[in-house]
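Understanding the architecture of this molecule
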Amino acid sequence: MRIVLLGAPGAGKGTVAKQLTAHDGSVQISTGDILRGAVKAGTELGKKAQGYMDRGDLVPDSLIMEIMEARLQEPDAKKGFILDGFPRTIPQAEDLKQLLQKIGIKLDTVINIDVPTDVIMDRLTTRRTCANPDCQEIYNVKSKPASPEGKCLKCGTPVVQRADETVEAIAIRLETYNEKTAPLIDFYKKEGLLKTITSLSSEEIVREVVKGIK
Ligand code: ADP
């Protein structure tokens with residue numbers, strides 16, 4: 001499968017992406033995870049990206065395209081990929097289109113996961129993430145708690161609230177989404193690739209997507 005997942009922060013792109021990869025061995029490529037890994041590891045990329053990320057702003061398109069141009073051509077992406085958090089702006093979508101043309105690959109579909117803002121706000125403020133950059137398992141205080149000591153159930157590392165998951169940073173991320181990313185819905189509609197899915201669980205979304213591609 002070659003899929004782009006669109007949706008506001010907290011719409012569930014990461015969860016859906018992970019479940020989709022289980023279907024056919026496609027890889028999940030999350031620019032957010034790549035960037036957070038780089039920040040933790042203290043690389044040049046991480047140093048450049050951190051300020052934007054902590055504020056809830058987007059990292060510059062040029063930096064993102066540098067990462068993605070390399071990532072999409074790694075051997076594991078040959079089987080297929082689920083793009084989660086990329087593209088995030090019209091210039092990124094246009095660059096992605098050119099890049100895919102260059103490497104001779106077509107997207108199967110673009111899934112827009114549509115979730116009401118109040119649900120998103122509640123999800124993001126209660127979200128916790130494993131601090132281990134190689135794990136980054138997502139928890140939720142209400143629906144999927146970590147261990148009673150606040151440790152990751154997979155790797156034992158403490159789970160934390162991300163710096164960009166304060167109420168202020170979340171408000172900025174949602175504003176940024178509406179301004180910069182929501183226009184991609186029209187972009188992909190015009191490309192004839194868009195499918196919008198509203199109010200379904202991640203399992204139901206995965207079923208719909210897989211059915212649509214077969
Ligand atoms: P969410 O989708 O929950 O906001 P992500 O984990 O996808 O979070 O991204 C976290 C942060 O990383 C974003 O707020 C932004 O600063 C940066 N980022 C991730 N992907 C991109 C992208 N494609 N373009 C620009 N910035 C990005």
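Residues numbered from 1 in each chain as written. Predicted model: local features only at pLDDT ≥ 70, side-chain atom pairs only at ≥ 80, totals over all residues. Heavy atoms only, no water.

If you check the shell around the ligand, you find 19 residues, and the closest are Thr31, Arg36, Asp57, Gln92 and Arg173. Between Asp57 and the ligand, the recorded distance is 2.5 Å, taken from a backbone N or O atom to an oxygen atom. For the ligand, an oxygen atom lies 3.2 Å from a polar atom in the side chain of Arg88. When isolated, the ligand has an accessible area of 550 Å², and the protein chains bury 96% of it. The dominant element in the shell around the ligand, judged by the number of residues it contributes, is helix H2 (residues 31–41), at four residues. (Near = heavy atom within 4 Å. Polar contact = N/O pair within 3.5 Å; in protein donor to acceptor, adjacent residues only side chain to side chain. Areas by Shrake-Rupley, 256 points an atom, 1.4 Å probe, with all protein chains shown as cover. Helix = DSSP H or I, 4+ residues; strand = E, 2+ residues; numbered from the N terminus.)

Bringing helix H8 (residues 183–190) into the picture now. What H8 keeps buried is the set Leu184, Phe187 and Tyr188. Across the axial projection of H8, the buried residues extend over an arc of 90 degrees, all falling on one side. For H8, the exposed residues set more than 90 degrees away from the buried face come down to Lys189 and Lys190. Where H8 is buried, its residues meet strand E1 (2–6), helix H5 (90–102), strand E4 (109–114), helix H7 (167–181) and strand E8 (194–198). (Buried < 20%, exposed > 50% of the residue type's maximum accessible area, 1.4 Å probe, protein only. Arc of directions from axis to C-beta. Contact = heavy atoms within 4.5 Å.)

Note on soluble globular proteins: their nonpolar side chains tend to be buried together. Residues Leu72, Phe81, Leu83, Leu96, Leu107 and Tyr188 are the most contacted members of the largest nonpolar core, which totals 29 residues. For this core, the secondary-structure elements that each account for two or more residues are E1, strand E2 (27–30), helix H3 (44–55), helix H4 (61–71), strand E3 (81–84), H5 and H8. The element that contributes the greatest number of residues to this core is H4, accounting for five residues. Contacts of Leu83, omitting those with residues within four sequence positions, involve Ile3, Val4, Leu5, Ile29, Met68, Leu72 and Leu96. (Core = buried A, V, L, I, M, F, W, Y, C linked by side-chain atoms within 4.5 Å.)

Our next topic: the confidence of the model for the protein chain. Averaged over all residues, the pLDDT of the protein chain equals 92, while 100% of them reach at least 70. Mean pLDDT per element in the protein chain: helix H6 (residues 117–125) is the minimum at 87, and H8 is the maximum at 98. (pLDDT = per-residue confidence, 0-100.)

Moving on, we get to the sheet that holds strand E7 (residues 159–160). Taken in spatial order, the three strands of this open sheet run E6-E5-E7, and their pairing is antiparallel. The open sheet has two free edges, formed respectively by strand E6 (138–140) and E7, since each of these has just one partner strand. Bridge count for strand E5 (residues 127–130) against E7 is two bridges, and the pairing is antiparallel. When the sheet's bridge partners are listed, Cys130 is paired in E7 with Val159. (Pairing = 2+ DSSP bridges.)

The next subject is the packing of aromatic side chains. The full count for this structure, using the stated rule, is one aromatic pair. In this structure, Lys144 is placed above the aromatic ring of Tyr139, and the distance from its NZ or CZ to the ring centre is 5.1 Å. (Phe/Tyr/Trp six-rings, centres within 6.5 Å; stacked < 30°, edge-to-face > 60°. Lys NZ or Arg CZ within 6 Å of the ring centre and 35° of its normal.)

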